Amino acid sequence: MKIAIVGAGITGSLLADFLDSENFNVSIFEKSRGCGGRASTKKTDFGQCDMGATIVPVKTIEFAQYMQQLCNQGIASQWPQDIYITHQNSGVKTPLEILESDRKYYVFNQKMNAACRHWVNNAQLHTNSLVSQVRYHHDKGWQLKINADWQSERFDKLVITAPWPQSQTIIEQSDVSLVLPTFSQTWTSCWSIALKLDQLVTSAVDLVYLKGHPIQTLVRDSSKPQRPEVMTAQQNEIWVAQLTNELSDDLGSQAMNEAISIATKELCELFGLSKQSVTDTYAHYWRYARPSAGQNPLGMLSNHQHGIYVGGDWSFGASIESAYEGARALVQLIKTGA
């Protein structure tokens, strides 16, 4: 059975791996140059940095067991040992302190999108392939319009795993009916900023959650397992700061310089550095970072009769664990409708 997956982010890549273990013939179509989606790693002139998902928090026992399997395979590592937190209330900042939690945290080795490359290894991956429209032919299967041209290849089943706003557009242009959510969902954005320092931060802190600050997380990216060692050798390191979703929405996609300035100020104030310590920066704006606060996940969409399935991290939340849940649920839906 031939299955087409639209989107090679975490959900699509995991799904390809799960379906391969079930002996399905899988093709993946990704609009970007590589797989990973929001598990994005950027190679800049000053070094490599994870600009999307920077860490993998684990909540459930099932996902913890899966992440441990990846550790045993050398694909992931538990990191960091300690998580720190700081608060800011009415302009008063609390000192850094260890976050007391039973939750484990992981990262993918080498770079955050390396796991996706492993998961799609046995599938046919088509990059730079923007799927703008799909159509169903009775007894012949699904046909995809890629980069403005209809392709001749047909598929028995179609799975769309792109972010919901993009998935919704594809669904609405198809001629197959799906029961869409009865409520709308709005999305918040996120500015992600990589900052290279000309020195090493002496603190043992590698990951900080900041409450009440303009940035929500700060990660010593170059300290992650199996990252390039040239940074340390040169007495340099790279940190990645992610602005809060609310602030990112207020700034908008054109405010790159202001976003960089805010991230620089927060990093330097936290560790007592001068702004001149930041020698290079890189910024990326994630338009669909996560659903707005207080909104329910959209769940899974499917039409077994025509073999179309739609899901992603947005089906259960907005995390890598949610993407895992989405991929597992999609496998069950596909097998049920087989």
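Reading guide: rules and limits
Residues numbered from 1 in each chain as written. Predicted model: local features only at pLDDT ≥ 70, side-chain atom pairs only at ≥ 80, totals over all residues. Heavy atoms only, no water. Helix = DSSP H or I, 4+ residues; strand = E, 2+ residues; numbered from the N terminus. Expected span 1.5 Å × (residues − 1). Buried < 20%, exposed > 50% of the residue type's maximum accessible area, 1.4 Å probe, protein only. Arc of directions from axis to C-beta. Contact = heavy atoms within 4.5 Å. Core = buried A, V, L, I, M, F, W, Y, C linked by side-chain atoms within 4.5 Å. Axes fitted to C-alpha atoms, helices over the stretch in contact; angles between N-to-C directions. Parallel < 35°, antiparallel > 145°, perpendicular 65-115°, else oblique. Left-handed = near helix turned anticlockwise from the far one by under 90°. Phe/Tyr/Trp six-rings, centres within 6.5 Å; stacked < 30°, edge-to-face > 60°. Lys NZ or Arg CZ within 6 Å of the ring centre and 35° of its normal. Salt bridge = Lys/Arg side-chain N within 4 Å of Asp/Glu carboxyl O.

S.K.: Is there a simple way to explain helix α2 (residues 61-72) in this structure?
M.R.: Because the α-helix completes a turn every 3.6 residues, residues three or four places apart line up on one side. In a regular helix each residue adds 1.5 Å, so 12 residues correspond to 16 Å; α2 covers 16 Å between its end C-alpha atoms and thus fits that length. Along α2, the residues that are buried comprise F63, Y66, M67, L70 and C71. With its buried residues spanning 150° around the axis, α2 presents them on a single face. Of the exposed residues in α2, those oriented more than 90 degrees away from the buried face are I61 and N72. As for α2, its buried residues are in contact with α1 (10-21), β5 (56-57), β6 (76-78), β10 (105-108), α3 (114-119) and α8 (320-336). Backbone geometry just downstream of α2 places G74 in the positive-phi region, at approximately 80°.

S.K.: Teacher, can you tell me more about the nonpolar core here?
M.R.: Most often, soluble globular proteins have nonpolar side chains that are buried together. By size, the foremost hydrophobic cluster in this structure holds 50 residues, and its most contacted members are I5, I10, L19, M67, F108 and W119. Elements represented by at least two residues in this core include exactly β1 (2-6), α1, β2 (25-29), α2, β10, α3, β17 (207-211) and α8. For this core, the leading source of residues is α8, giving 8 residues. When residues no more than four places from it in sequence are discounted, the contact partners of L19 are I3, I5, F24, V26, V331 and I334. L251, A259, A283 and Y285 belong to the second-largest nonpolar core, a separate cluster that totals 27 residues.

S.K.: How should the side chain of D313 be read in this particular structure?
M.R.: Positionally, D313 belongs in the loop between β22 (308-310) and α8. Overall, the relative accessible area of 12% leaves D313 in the buried class. In this view, D313 contacts T11, R38, A318, S319, S322 and A323; residues no more than four positions away in its chain are not counted.

S.K.: How should I be thinking about the packing of α1 against α8 in this particular structure?
M.R.: Helices that pack against each other are described as a pair by the angle of their axes relative to one another and the distance between those axes. In contact at an axis separation of 8 Å, α1 and α8 are set at 45° when each is read in the N-to-C sense. The pairing of α1 with α8 is recorded here as oblique in orientation. Considering only the axes of α1 and α8, their crossing is right-handed. Facing I10, T11, L14, L15, F18 and L19 of α1, the residues of α8 in contact are I320, A323, Y324, G326, A327, R328, L330, V331 and I334.

S.K.: How do you make sense of the packing of aromatic side chains when you look at a structure like this?
M.R.: How two aromatic rings sit relative to each other is set out by the distance from centre to centre and by the angle between their planes. All told, the structure shown has 12 aromatic pairs when counted by the stated rule. Ring centres of F29 and F155 lie 5.8 Å apart, and the angle between their planes is 80°; on these two criteria the pair is classed as edge-to-face. Of the two residues, F29 is situated in strand β2 and F155 in the loop between β14 (149-150) and β15 (157-160); the sequence distance between them amounts to 126 residues. Residue class for F29 comes out buried when judged on its relative accessible area of 6%. Judged by its relative accessible area of 3%, F155 is buried. One cation-aromatic arrangement involves K2 over F155; the distance from NZ or CZ to the ring centre is 5.3 Å.

S.K.: Can you walk me through the pattern of salt bridges in this structure?
M.R.: Between side chains of opposite charge, pairing is possible as soon as their charged atoms come close. Summed over all chains, the structure comprises 10 salt bridges. One salt bridge in this structure joins D206 and R220, with 2.8 Å as the shortest N-O distance. Placement of D206 in the loop between β16 (187-197) and β17 and of R220 in strand β18 (residues 215-220) is noted, with a sequence separation of 14 residues between them. Both residues of the pair, D206 and R220, count as buried. In this structure, K265 engages E269 in a salt bridge whose closest nitrogen and oxygen atoms are separated by 2.9 Å. Here the residue K265 and the residue E269 both occupy positions in helix α7 (residues 256-271), the gap between them amounting to 4 residues, near one helical turn. By relative accessible area, E269 is classed as partly exposed at 40%. Salt bridges sharing common partners tie together D50, D221, K224 and R227.

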